[in-house]
Amino acid sequence: MCLICERIRQIKNGTNSCFVQELQTGYAVIGDYQYFEGYTLFLCKEHKTELFELEPAFRSRFLEEMSLVAEAAYYAFGAEKMNYELLGNGDTHLHWHLFPRKENDLGEYGNHGKGPVWWYPMEKMYAETNRPTPEKLEEMKAALKKELNKRIRA
């Protein structure tokens, strides 16, 4: 089973502590590591590798919902800019990485304070010190869910 399918299985059985909300085409979750505060993922309900493999109506809705999740993260976490990534070099299950960005969040690793998230060293980004406490995780999930529900109902 792929990592994303395993995470979805955990959502369905109630054991994924990072789960925020189910949408029509996917699941919004807070990232395990939070160097970039508010780092969120949107996991596709269908196990596909490429966007073009999705049926056109589902693909359009998936992209629309990803945009809603990104907008919610932007407001929930006070971003100045959002970074969007759909990579899949390791996991071959469609999932978006949504990074709320703030000025100088790369520190010494940025080019004049700016650059892609991957310029930050992976061993630092994924350090155990960047895992939110259970209380902080609940706070983040509530903030994202609140902003997401504003957009879903609009």
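Before reading further, recall that the structure is shown in the block above.
Residues numbered from 1 in each chain as written. Predicted model: local features only at pLDDT ≥ 70, side-chain atom pairs only at ≥ 80, totals over all residues. Heavy atoms only, no water.

(A) Structural context of the overall build of the protein. Assigned secondary structure in the protein consists of four helices and five strands. Order of helices (α) and strands (β) in the protein, N terminus to C terminus: α-β-β-β-α-β-β-α-α. Computed over the C-alpha atoms, the radius of gyration of the protein is 15 Å, within 12% of the 15 Å expected from 2.2 N^0.38 for a compact globule of 154 residues. Overall, the C-alpha framework of the protein stretches about 45 × 30 × 30 Å when taken along its three principal axes. (Helix = DSSP H or I, 4+ residues; strand = E, 2+ residues; numbered from the N terminus. Rg over C-alpha atoms; globule rule 2.2 N^0.38 Å.)

(B) Quick peek at the packing of aromatic side chains. If you walk through the whole model with that rule in mind, you get 11 aromatic pairs. Aromatic side chains Tyr 74 and Tyr 75 sit 4.9 Å apart centroid to centroid with 80° between the ring planes, which places their arrangement in the edge-to-face category. The exposure class of Tyr 75 is partly exposed, given its relative accessible area of 48%. Seen from the ring of Tyr 27, Lys 45 lies directly overhead, with NZ or CZ sitting 5.4 Å from the centre. (Phe/Tyr/Trp six-rings, centres within 6.5 Å; stacked < 30°, edge-to-face > 60°. Buried < 20%, exposed > 50% of the residue type's maximum accessible area, 1.4 Å probe, protein only. Lys NZ or Arg CZ within 6 Å of the ring centre and 35° of its normal.)

(C) Representation of the packing of helix H2 (residues 56-76) against helix H4 (residues 134-153). Running from N to C, H2 and H4 cross one another at 130°; their axes reach a closest spacing of 8 Å. By the angle between their directions, the pair H2 and H4 is classed as oblique. Classified by chirality, the crossing of H4 by H2 is right-handed. Residue-level inspection shows Leu 68, Val 69, Glu 71, Ala 72, Ala 73, Tyr 75 and Ala 76 of H2 in contact with H4, the latter providing Ala 143, Leu 144, Glu 147, Leu 148 and Arg 151. By residue class, the composition of the contact of H2 with H4 is nine nonpolar, no polar and three charged. (Axes fitted to C-alpha atoms, helices over the stretch in contact; angles between N-to-C directions. Parallel < 35°, antiparallel > 145°, perpendicular 65-115°, else oblique. Left-handed = near helix turned anticlockwise from the far one by under 90°. Contact = heavy atoms within 4.5 Å. Nonpolar A, V, L, I, M, F, W, Y, C, P; charged D, E, K, R; others polar.)

(D) Focus on the sheet that holds strand S5 (residues 95-101). Spatially, the five strands line up as an open sheet ordered S1-S2-S3-S5-S4, and their pairing is antiparallel. Each edge of the sheet is formed by a strand with only one pairing partner; in this case those strands are strand S1 (19-22) and strand S4 (81-85). For this sheet the average axis-to-axis angle between neighbouring strands, irrespective of direction, equals 20°. Alignment of S4 against S5, held across five bridges, turns out to be antiparallel. Bridging across to S5, Met 82 finds its partner in Pro 100. (Pairing = 2+ DSSP bridges.)

(E) Fine view of the pairing of S5. Taken across its seven residues, S5 has seven buried, putting it largely inside the fold. In S5, alternate side chains face the same way, and those of His 95, His 97, Phe 99 and Arg 101 on one face and Trp 96, Leu 98 and Pro 100 on the other are all buried. One ladder, built from four bridges, connects strand S3 (residues 40-44) with S5; its direction is antiparallel. From the neighbouring strand, Thr 40 faces S5, where its bridge partner is Leu 98.

(F) Quick look at the environment of Tyr 74. Of note, Tyr 74 is situated in helix H2. Owing to a relative accessible area of 28%, Tyr 74 belongs among the partly exposed residues under this scheme. Along the backbone, Tyr 74 and Ala 143 are 69 residues apart, and their C-alpha atoms lie at a distance of 11 Å. Other than its neighbours up to four places away in sequence, Tyr 74 contacts Ala 79, Glu 80, Lys 81 and Met 82.

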